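# Chain and residue survey
Take a look at the letters that make up each chain.
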Amino acid sequence: MTKRNKMVVILMSFLCVICTACGFRPLYNQTGAANSQALSSVVILKIKDRSGQKLRNFLLERFFSNQRSGITTHTLKVVINEEINELNIRKDGSATRARLKITANFYLTHKASGKQLKGKVSSTSSYNMLGSDFATLGAESDARNRALRSIAEDLRLRVAGALTNVPRQLKR
């Protein structure tokens, strides 16, 4: 090993020690005990329409990966809006591509104090509009599922961050 490589190894080891000593906890860890315990105390309210049902199911998968907590301290209300824009218009007026944008407004409420944390998460997904209606519906459904999964993951991270890093924000 050269002197430079030794210095890099020593520096990386030092950074690892410092990060663990400061109480660093990775928020992106899906099975972290702190995150799963905090998330399991959230009740996810029902969401309108079929897309809302899918989003709620994706949220339930992410929030309660291990088990549900008997104690619920927060409620999560989500309202979603979908918008489809047709792109690549041909000369005959038909479109060959579409963009689906789903926006989710969420409200995380602390049950005891009634304080709310509001936020907005959105995801955009594109799909081809084919000659066959069946194929186009399948592509649209797949794009919708991709966008909803992305929103569910973003919501999980936002709620976990609010519950583990700033608990006073909702309890005041």
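Below: a short report on this structure.

Scoring rules and cut-offs
- All residue numbers here refer to positions counted from 1 along the written sequence of the relevant chain.
- In keeping with the model being predicted, local features are shown solely for residues with a pLDDT of at least 70 and side-chain atom pairs are shown and tallied solely at 80 or more, while totals for entire chains, interfaces and linings include all residues.
- With hydrogens and water excluded, all non-hydrogen atoms of the structure serve as input to the side-chain values.
- By definition, any uninterrupted DSSP run of H or I lasting at least four residues is a helix, any uninterrupted run of E lasting at least two residues is a strand, and each is numbered from the N terminus.
- By the convention used here, residues are in contact when the closest approach between their heavy atoms is within 4.5 Å.
- Expected span, for any helix, means 1.5 Å times one less than how many residues it has.
- By the criterion applied in these results, polar contacts are pairs of N or O atoms within 3.5 Å in which, for protein atoms, one can donate a hydrogen and the other can accept it, and in which residues neighboring in sequence qualify only through two side-chain atoms.
- Burial here depends on accessible area, computed with a 1.4 Å probe over protein chains only, as a share of the maximum for the residue type. Under 20% is buried, over 50% is exposed, and the range in between is partly exposed.
- By nonpolar core is meant a set of buried Ala, Val, Leu, Ile, Met, Phe, Trp, Tyr and Cys residues that side-chain atoms within 4.5 Å join together.
- DSSP-based pairing: two strands are paired if at least 2 bridges between them are found.
- Every axis corresponds to a line fitted to the C-alpha atoms, with the helix fit spanning only the stretch in contact, and the corresponding angles, defined between N-to-C directions, vary from 0 to 180 degrees.
- Here a salt bridge means any side-chain nitrogen of Lys or Arg lying within 4 Å of a carboxyl oxygen belonging to Asp or Glu.

Position of Ser51 among the secondary structure elements: in helix 3 (residues 49–63). When neighbours within four sequence positions are excluded, Ser51 is seen to be in contact with Ile80, Glu82, Arg144 and Leu148.

Taking 1.5 Å per residue as the helical rise, helix 4 (residues 133–164) with its 32 residues ought to reach 46 Å, and the 46 Å between its terminal C-alpha atoms agrees with that figure. With a side-chain oxygen lying 3.4 Å from the backbone nitrogen of Phe134, the N-terminal cap of helix 4 falls on Ser132.

It is worth spelling out the environment of Gly119 at this point. Looking at where Gly119 falls in the secondary structure, it is placed in strand 4 (residues 116–128). What makes Gly119 buried here is its relative accessible area of 16%. Through-space distance from the C-alpha of Gly119 to that of Val78 is 9.7 Å; in sequence the pair is 41 residues apart. When residues no more than four places from it in sequence are discounted, the contact partners of Gly119 are Ala104, Asn105, Phe106 and Arg158.

With 35 residues, the main nonpolar core has Leu55, Leu59, Phe63, Leu76, Val78, Leu108 and Val159 as its most contacted residues. Sorting the residues of this core by element identifies helix 2 (33–39), strand 1 (42–44), helix 3, strand 2 (74–89), strand 3 (95–110), strand 4 and helix 4 as the ones contributing at least two each. Broken down by element, this core gets its largest block of residues, 10 residues, from helix 4. In this structure, Leu76 is in contact with Val42, Val43, Ile44, Leu45, Leu59, Phe63, Phe106, Tyr107, Leu108 and Val159, ignoring residues within four places of it in sequence.

A few words now on the sheet that holds strand 4. Ordered by their spatial adjacency, four strands build an open sheet running 1-2-3-4, and the pairing between neighbours is mixed. Of all strands in the sheet, those bounded by a partner on one side alone are strand 1 and strand 4. Averaged over all pairs of adjacent strands, the angle between strand axes in this sheet comes to 25°, irrespective of strand direction. Here three bridges tie strand 1 to strand 2, and the two strands are oriented parallel to one another. Counted as the bridge partner of Ile44 is Leu76 from strand 2. On top of the sheet, helix 3 reaches strand 1 and strand 2; it is set at about 125° to strand 2, its chief contact.

As a further point, take the pattern of salt bridges. Using the criterion set out here, one finds six salt bridges in the structure. A salt bridge links Arg144 to Glu82; its shortest N-O distance comes to 3.0 Å. Linking Arg144 in helix 4 with Glu82 in strand 2, this pair joins segments that are 62 residues apart in sequence. Here Arg144 makes a salt bridge to Glu140, at a shortest N to O gap of 3.0 Å. One end of the pair is Arg144 and the other is Glu140, both in helix 4 and four residues apart, which spans about a single turn. Summarising the burial analysis for this pair, Arg144 and Glu140 share the class buried. Three or more residues joined by partner-sharing salt bridges are found here, namely Glu61, Arg62, Glu153 and Arg156.

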